[in-house]
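Close look at the chain arrangement
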Amino acid sequence: MFDSLDKVRADAQARLERAARDRRSPMHTPVIATGDADARVMVLRAFDPWTLRFHTDARAPKVGVIEADPRVGVLFYDKAEKVQIRVQGQARIERDSAVAQAAWEAGNNFARRCYLGDGPGTVAQTASSGLPPQFEGPEPSDEELIPAREHFAVLLVELTRLDWFHLAHDGHCRAQFDLAQGTARWVTP
Ligand SMILES: Cc1cc2nc3c(=O)[nH]c(=O)nc-3n(C[C@H](O)[C@H](O)[C@H](O)COP(=O)(O)O)c2cc1C
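These remarks concern the structure in this document. (Residues numbered from 1 in each chain as written. Predicted model: local features only at pLDDT ≥ 70, side-chain atom pairs only at ≥ 80, totals over all residues. Heavy atoms only, no water.)

1. Digging into helix α2 (residues 61–68)
Buried within α2 we find K62, V63, V65 and I66. One side of α2 holds all its buried residues, which, seen down the axis, span an arc of 165°. Opposite the buried face of α2, by more than 90 degrees, sit the exposed residues P61 and A68. If you follow the buried residues of α2, they end up packed against β1 (31–34), β2 (39–41), β4 (51–57), β5 (71–78), β6 (83–94) and β7 (152–166). (Buried < 20%, exposed > 50% of the residue type's maximum accessible area, 1.4 Å probe, protein only. Helix = DSSP H or I, 4+ residues; strand = E, 2+ residues; numbered from the N terminus. Arc of directions from axis to C-beta. Contact = heavy atoms within 4.5 Å.)

2. Some words on the side chain of D78
Position of D78 among the secondary structure elements: in strand β5. Here D78 falls in the buried class, since its relative accessible area comes to 4%. Within the structure, D78 has its side chain in polar contact with the backbone nitrogen of E81 (distance 3.0 Å). (Polar contact = N/O pair within 3.5 Å; in protein donor to acceptor, adjacent residues only side chain to side chain.)

3. Observations regarding the site of the ligand
Near the ligand the following residues occur: R40, V41, M42, V43, R45, H55, T56, A60, P61 and K62. Between the ligand and the protein, one listed contact pairs an oxygen atom with a backbone N or O atom of V41 at 2.8 Å. Within the side chain of K62, an N or O atom sits 2.7 Å from an oxygen atom of the ligand. If the ligand stood free it would expose 620 Å²; the protein chains cover 59% of that surface. Classifying every residue of the shell around the ligand by side-chain character gives five nonpolar, two polar and three charged. (Near = heavy atom within 4 Å. Areas by Shrake-Rupley, 256 points an atom, 1.4 Å probe, with all protein chains shown as cover. Nonpolar A, V, L, I, M, F, W, Y, C, P; charged D, E, K, R; others polar.)

4. With respect to the packing of aromatic side chains
Per the counting criterion, the structure on display carries five aromatic pairs. Measuring from centroid to centroid gives 5.6 Å for F47 and W50, while their planes differ by 65°, and the two rings are edge-to-face. The pair F47 / W50 is uniform in exposure class, with both members buried. With a centroid separation of 5.2 Å and an interplanar angle of 90°, the aromatic rings of Y115 and F152 are classed as edge-to-face. Placement of the pair is Y115 in the loop between α4 (109–113) and β7 and F152 in strand β7, with a sequence separation of 37 residues. Across the pair, F152 and Y115 agree in class, each one buried. An aromatic cluster is defined as three or more aromatic residues linked by ring pairs; in this entry it consists of W104, Y115 and F152. (Phe/Tyr/Trp six-rings, centres within 6.5 Å; stacked < 30°, edge-to-face > 60°.)

5. Looking at the pairing of strand β8 (residues 173–178)
Successive side chains on a regular strand alternate, one facing one side of the sheet and the next facing the other. Burial within β8 is extensive, with five of its six residues counted as buried. Direction of pairing for β7 relative to β8: antiparallel, over a ladder of six bridges. By the bridge assignment for β8, L162 is matched with F177. Here β7 hands over to β8 after six residues, with G171 in that stretch at a positive phi of 125°. Bridging between β8 and strand β9 (residues 183–187) involves five bridges; their strand directions are antiparallel. Paired with R174 across the two strands is V187, which belongs to β9. Between the antiparallel neighbours β8 and β9 lie four residues, among them G182 with a positive phi of about 75°. (Pairing = 2+ DSSP bridges.)

6. Quick word on the pattern of salt bridges
Tallied over the full model, the rule gives 13 salt bridges. The partner of D11 in a salt bridge is R15, with the nearest N and O atoms 2.7 Å apart. With D11 and R15 both in helix α1 (residues 5–21) and four residues apart, this pair spans about one turn of that helix. For the residue pair D11 and R15, the accessibility class agrees, reading buried in each case. Among the ionic pairs, R92 bridges to E94, the shortest N-O distance being 2.8 Å. Note on E94: relative accessible area 17%, which makes it buried. Via salt bridges that share partners, D11, R15, D78 and E81 belong to a single interconnected network. (Salt bridge = Lys/Arg side-chain N within 4 Å of Asp/Glu carboxyl O.)

Written out as structure tokens, the structure reads:
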């Protein structure tokens, strides 16, 4: 598929750029693994080489986990194209930064509504969205969403390593990049 490490790096960058802007991309919803051996699906909101941006409820359990141990791994997989991208990096949670505020302002009121209810993982008596009943259906107003802002945060992951793997009948192919050092190498699959 590729004959140079530079081309593989460019392919990885293009795939992550598309993953962030195209909700139909199979890489739009990667799996984020944290240092407590837990993992979950999140929507990739932005990618600026080599930083990933995700959105989270500031009360979610993963926020405390990341603040105690900023190492994260992120797994992307495109089944149709048979490409896996594994990345590792240093994560940070931002609640009040310019990036967090801009991300909040870029959302619509339906997206912001998620931050009005109980925090993720709150125990409920019955199956529950956690939203106050008056917001189950309708879109809240700007004013009603004011209390939601303090529950919103961004998760930024500065990538340090990337592992690219392509499955192919005529031979799988794999390359690794140390993004911090700027080095690259081929490895066996
Ligand atoms: C398709 C899909 C997209 C999701 N997107 C997000 C997201 O962008 N941000 C987020 O915090 N959780 C998202 N979730 C929910 C998480 O997978 C997870 O259940 C939640 O964040 C609580 O995680 P925690 O207990 O590890 O904090 C998504 C789940 C699915 C299935």
